[in-house]
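Notes for the structure review
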Amino acid sequence: MNAHNNKTHWWETATIYQIYPRSFNDSNDDGIGDLNGIRERIPYLKNLGIDAVWLSPFYKSPGADAGYDVSDYLSIDKAAGDFPEFDALVSELHNNDLKIIIDIVPNHCSIEHELFLKALASAPGSAERELFHFRDGTGENGELPPNNWKSHFGGNAWTQITNPNGEPDQWYLHLFDPGQPDFNWDNPAVEQYFLDVLEFWLERGVDGFRVDVAHLLSKDPLLPNWDGPANGKQHPDFPTQDSPMFGRDEVHNIFRSWRELLDKYSSDTGTEKMMCGEVCVQPLSWQAQWARPDEMHTVFNFSLLEIGFDSEAWATTISNSLEAFNAVGAPTTWVLNNHDVARSTTRLGYSEGYPKPGDGVGPDDPQPDIEKGLRRACAAVSTLFALPGSVYIYQGEELGLPDHTTLSAQFRNDPTYFRTAGKRIGRDGCRIPLPWNSTEKNFGFSDADSTWLPQPAEFDTYSANLQERDQDSTLQLYKLLIKTRKNLNLGSSTLRMIDHNVSPRILAFTIGETTVVMNTDDRPINISELTQEKQLILASIPEALVNEHWLAAESTVWLSV
Ligand code: GLC
Ligand code: CA
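Residues numbered from 1 in each chain as written. Chains lettered and ligands numbered in written order. Predicted model: local features only at pLDDT ≥ 70, side-chain atom pairs only at ≥ 80, totals over all residues. Heavy atoms only, no water.

Quick notes on the nonpolar core
Put simply, the rule reads: We call a set of buried residues a nonpolar core when its members are Ala, Val, Leu, Ile, Met, Phe, Trp, Tyr or Cys and they connect through side-chain atoms within 4.5 Å of each other. Each residue is placed in one exposure class: buried if its accessible area under a 1.4 Å probe, protein chains only, is under 20% of its type's maximum, exposed if it is over 50%, and partly exposed if it falls in between. Should any heavy atoms of two residues lie within 4.5 Å, those residues are counted as being in contact.
The biggest cluster of nonpolar side chains holds 137 residues, and the ones touching the most others in it are Tyr17, Phe58, Phe86, Trp201, Phe209, Phe255 and Trp258. For Phe58, the residues in contact, after removing those within four places along its chain, are Leu35, Ser75, Ile76, Asp77, Ala80, Phe86, Ile102 and Trp201.

Some words on the coordination of the calcium ion (ligand 2)
Just so we agree on the cut-off: With water excluded from the atoms, a metal site may look incomplete; its donors are any N, O or S atoms within 2.8 Å, or within 3.2 Å for Na, K and Ca.
Taken together, Asp26 (OD), Asn28 (OD1), Asp30 (OD), Ile32 (O) and Asp34 (OD) make up the protein donors of the calcium ion (ligand 2), found 2.2 to 2.3 Å from the metal. We note that the donor set of the calcium ion (ligand 2) lies within a single chain, spaced as D-x1-N-x1-D-x1-I-x1-D.

Quick word on the pairing of strand β13 (residues 506-511)
Going by this rule: Note on conventions: DSSP H or I runs of at least 4 residues are helices, E runs of at least 2 residues are strands, and numbering of each starts at the N terminus. Pairing between strands is defined by DSSP: at least two bridges between them are needed.
In terms of residue burial, β13 counts as a mostly covered element, since five of its six residues are buried. Here β13 runs beside strand β14 (residues 514-519); their pairing, made up of six bridges, is antiparallel. Bridge assignment links Ile511 to a residue of β14, and that residue is Thr514. Hairpin connection between β13 and β14: a loop of two residues separates the two successive antiparallel strands, and Gly512 in this loop has a positive phi of roughly 55 degrees.

Describing the pairing of β14
Within β14, six of the six residues are buried, leaving the element largely enclosed by the surrounding structure. Side-chain alternation along β14 places Thr514, Val516 and Met518 on one buried face and Thr515, Val517 and Asn519 on a second face that is also buried. Pairing between β14 and strand β19 (residues 555-560): six bridges, direction antiparallel. Residue pairing across strands places Asn519 opposite Ser555, the latter belonging to β19.

Topic: helix α4 (residues 83-95)
The periodicity of an α-helix, 3.6 residues per turn, causes residues three or four places apart in sequence to face the same way. Keep this limit in mind: Take the residue count of a helix, subtract one, and multiply by 1.5 Å to get its expected span. Throughout, the arc means that of the directions going from the helix axis to the C-beta atoms. N or O atoms closer than or at 3.5 Å make up a polar contact, with two conditions inside protein: a donor-capable atom paired with an acceptor-capable one, and, for residues adjacent in sequence, both atoms drawn from side chains.
In this model α4 runs 18 Å from its N-terminal to its C-terminal C-alpha over 13 residues, within 8% of the 18 Å that 1.5 Å per residue would give. Looking at α4, one finds that the buried residues are Phe86, Leu89, Val90 and Leu93. The buried residues of α4 occupy one face: seen down the axis, they fall within an arc of 95 degrees. For α4, the exposed residues set more than 90 degrees away from the buried face come down to Pro84 and Asn95. Among the structural elements, α2 (35-40), α3 (42-48), β2 (52-55), β3 (99-104) and α6 (188-203) are those in contact with the buried residues of α4. The N-cap residue of α4 is Asp82: its side-chain oxygen and the backbone nitrogen of Glu85 are 2.9 Å apart.

Points about the site of ligand 1
Operational definition: Here a residue is considered near a molecule or strand provided that any single heavy atom belonging to it is located within 4 Å of it. All accessible-area figures derive from a Shrake-Rupley calculation using a 1.4 Å probe, and residue coverage is judged against the displayed protein chains alone. Amino acids outside the nonpolar list (Ala, Val, Leu, Ile, Met, Phe, Trp, Tyr, Cys, Pro) and the charged list (Asp, Glu, Lys, Arg) are all regarded as polar, and Gly is one of them.
Every one of the 14 residues lining ligand 1 counts as a neighbour, but Asp65, His108, Asp212, Glu278 and Asp340 are closest to it. Between an oxygen atom of ligand 1 and a side-chain N or O atom of His108, the distance comes to 2.9 Å. Within the side chain of Asp340, a nitrogen or oxygen atom sits 2.5 Å from an oxygen atom of ligand 1. Considering ligand 1 on its own, with 310 Å² of exposed area, one finds that the protein chains cover 96% of that surface. By residue class, the composition of the shell around ligand 1 is four nonpolar, three polar and seven charged.

Comments concerning a negative patch on the surface
Filter applied, for reference: Surface patches are drawn from residues lacking salt bridges whose relative accessible area is over 30%; two like charges belong together within 9 Å, two nonpolar side chains (Val, Leu, Ile, Met, Phe, Trp, Tyr) within 5 Å. Salt bridge, as applied in this entry: a Lys or Arg side-chain nitrogen positioned within 4 Å of an Asp or Glu carboxyl oxygen. The sign given to each residue is positive for Lys and Arg and negative for Asp and Glu; His and the chain ends receive no count. Charge coordinates come from a single atom per side chain, which is NZ of Lys, CZ of Arg, CG of Asp or CD of Glu.
Taken together, the side chains of Asp29, Asp30, Glu440 and Asp447 present a region of like negative charge at the surface. If you trace the backbone, Asp447 turns up in the loop between α12 (415-419) and α13 (464-469).

Quick word on the domain arrangement of the chain
The following threshold applies: Domain ranges listed in this record stem from an automatic or a database domain assignment.
Domain annotation for the chain reports domain 1 (10-110 + 184-479), domain 2 (114-173) and domain 3 (493-560). Distance between the C-alpha centres of domain 2 and domain 3: 57 Å.

Concerning the environment of Pro435
Within the secondary structure, Pro435 sits in the loop between α12 and α13. Taking C-alpha positions, Pro435 is 34 Å from Ser151, a pair spaced 284 residues apart along the chain.

Quick look at the pattern of salt bridges
Counted according to the given criterion, the structure contains 28 salt bridges. Lys486 is the salt-bridge partner of Asp51, the closest N and O atoms lying 2.5 Å from each other. Linking Asp51 in the loop between α3 and β2 with Lys486 in helix α14 (residues 474-487), this pair joins segments that are 435 residues apart in sequence. Of the residues examined, Asp51 reaches a relative accessible area of 19% and is grouped as buried.

Regarding the sheet that holds strand β15 (residues 525-526)
In any sheet, the strands associate via hydrogen bonds between backbone groups, in a parallel or an antiparallel arrangement. In space, the three strands of this open sheet follow the order β15-β18-β17, with antiparallel pairing throughout. The open sheet has two free edges, formed respectively by β15 and β17 (545-546), since each of these has just one partner strand. In terms of strand pairing, β17 meets strand β18 (residues 550-551) through two bridges, oriented antiparallel. Residue pairing for β18: Leu545 is matched across the bridge by Leu551.

Details of the sheet that holds strand β4 (residues 134-135)
A sheet is described by the order of its strands in space; here three strands give the open sequence β4-β6-β5, paired in antiparallel fashion. Edge positions in the open sheet fall to β4 and β5 (158-162), since each of these has one partner strand only. When β4 meets strand β6 (residues 168-173), the two strands line up antiparallel, connected through two bridges. The residue of β6 that forms the bridge with Phe134 is Tyr172.

Pasting the structure below:
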């Protein structure tokens, strides 16, 4: 099944740990995590066994979307640190054989970006405005938006500006927050600008880029009305191919030129530079187009986080994923968590109606069954780590952290919450500062009086220090999964689904010499048909195999052939 077996590149099989800098570790006690805070925790990362880290944005930003509104791509936000600290972090990661991937946000910048400020100060039709999507309004006096596009965060995708005399002027497009104006990628100046940005960071030694919303950059130049998401039939994060802004053909040329640059740097420096795209389109065969040989190295495959805890759905999704990515000769990239979705412990704590990606859980919502959620999350990730390709984990996932699901409105930060008048709770709950030490102030994240998002009291028991000491903890499970996956070379092995008659609630496959069995039912199932003459390698919970034949409810085991 693996078309890419002969020569392996690090990014094909890597375990990559996503750091959300402002919530990872605070070194100077202002309540916001920073680069030095990351450097302090390199021993923890090394001990976890990961191969690389991906850092969410740390650039200068007014924070309209927690750093995904960048006002200077060649800078470091004061709250995160400075260049000497960045350089020290890169070299210390490299000294520990850890790679570093940084986040590039090319669809939009911040309204405080110099280029946007210049566009505001320039006349309609000027070269400055042509870097963005400025249009006259419709209606008698231009008082209505140029088209009917909606923002991903809710509400309109257009904001009207006023000219220097305070009179109504043109409108600009923002597929996200009004603080995030979309660049006009038909303009060659934009393309050149970003090639320079990539080069700048490659020169500083980064190993790759995570590319934000890589399906969105190009738009139909006529900006026609589109009734897809607007008619409510579609979640705007899951676009269709007939739209004027999602996955247009032109977008692929952009990444072809990025790939050329990365290939050049790889051969010049003798290290392998890579990029991984956040491409939110379906079906998988369409998503895989971004990972064709002359485009991105990988794209996130979100399909397992979009389905519930159901063995049949998992079997189909795994097979479809491998087929779609093998067809373009790219590895698959598995993801269960990131900073945009309710954490798996929370999500899987619902039997049905789990929160949609991007929508969180608030104090007025039915609360998840956390114990069930964590058990299922451990089973799910134990299956995930046995799949061929690379794996991304999100900080705190290795602690089994749930979301903060009772965060009160006054602390909310995510624009989704405000732009939908609280209808969509948003993503704050999965972005809470990490608990490092159960006995310290703010659980060891910071000595500040308050942290940028408050931690719930329940984080106490998830603290890393407690889990380091507990052989049965989620943290120990992650270490074992990462290590064993590597030792058995599962990332580059061949997967075969096992056709069995045990139960439709049992997922079973072999990967290389290893047999993996997951029970998604809420009762134990006799799996003796699958366990014969096999030895247990690892289990998602200590008591997973009962009497050698019964697989406990909501658990996964790895067996040797
Ligand atoms: C991506 C990011 C998300 C951000 C959005 C706009 O989806 O992961 O956090 O809000 O892009 O940049
Ligand atoms: Ca700080």
